[in-house]
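Coordinates in review
Spelled out, the chains give:
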Amino acid sequence: MAANPPPVLYRLQCVVHRESASGIIIHDEQNLAPSEDAAKTDAAARFAQLLAGRSGSAALKDPAGRVVWSRRQNTPSGPGAPETGA
């Protein structure tokens, strides 16, 4: 019986733009994931939760520090849906 490999520690770093004195919120979180695909899925969901309709950007780094996923969201000041890019 083959053993499952241990989860890998990924780091999600987000910058969320907001209206405040500082103008940004910076999140730096660790994420244990069984695979890179699972880490990317978790990162996309967490990024959407952190933004809550605001502008920002995120990068997911593997244990070696390489960026394996990134995203930016620009929220226009007028009406319309947020623009997202990979």
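Below is a short write-up of the structure. Numbering of residues starts from 1 in every chain and runs along the sequence as written. Local features are withheld for residues below a pLDDT of 70 in this predicted model, meaning they are given only at 70 or higher, and side-chain atom pairs are given and counted only at 80 or more; totals for whole chains, interfaces and linings count all residues. Hydrogens and water are ignored here; the side-chain numbers use all heavy atoms of the structure.

Looking at the environment of Lys40
This is how the line gets drawn: Numbering of helices and strands runs from the N terminus; a helix is a DSSP stretch of H or I covering at least four residues, while a strand is a stretch of E covering at least two. Contact definition: two residues touch when any of their heavy atoms are within 4.5 Å.
Of note, Lys40 is situated in helix α1 (residues 36-51). Distance from Lys40 to Leu12, taken between C-alpha atoms, is 9.5 Å for residues 28 residues apart in sequence. Apart from residues lying up to four places away in sequence, Lys40 is in contact with Leu60, Val68 and Trp69.

Some words on the pairing of strand β3 (residues 56-61)
The two faces of the sheet receive side chains in turn, since in a regular strand these alternate between them. Rules: Between any two strands, at least two bridges found by DSSP are needed for them to pair.
Bridge count between strand β1 (residues 8-17) and β3: six bridges; the pairing is antiparallel. Following the sheet pairing, Cys14 is matched in β3 by Ala58. Note: β3 against strand β4 (residues 67-74), six bridges, orientation antiparallel. Paired with Lys61 across the two strands is Val67, which belongs to β4.

Focus: the packing of aromatic side chains
Short version of the rule: Planes of paired rings set the category: under 30 degrees apart is stacked, over 60 is edge-to-face and the rest tilted, where pairs are Phe, Tyr or Trp rings (Trp by its six-membered ring) whose centres lie within 6.5 Å. A 1.4 Å probe rolled over the protein chains alone gives each residue an accessible area, and that area as a share of the maximum for its type sets the label: buried under 20%, exposed over 50%, partly exposed in between.
If you walk through the whole model with that rule in mind, you get one aromatic pair. Where Phe47 meets Trp69, the ring centres are 6.1 Å apart and the plane angle is 80°; that geometry is what we call edge-to-face. With Phe47 in helix α1 and Trp69 in strand β4, this residue pair connects regions lying 22 residues apart in the sequence. A relative accessible area of 3% means that Phe47 is categorised as buried.

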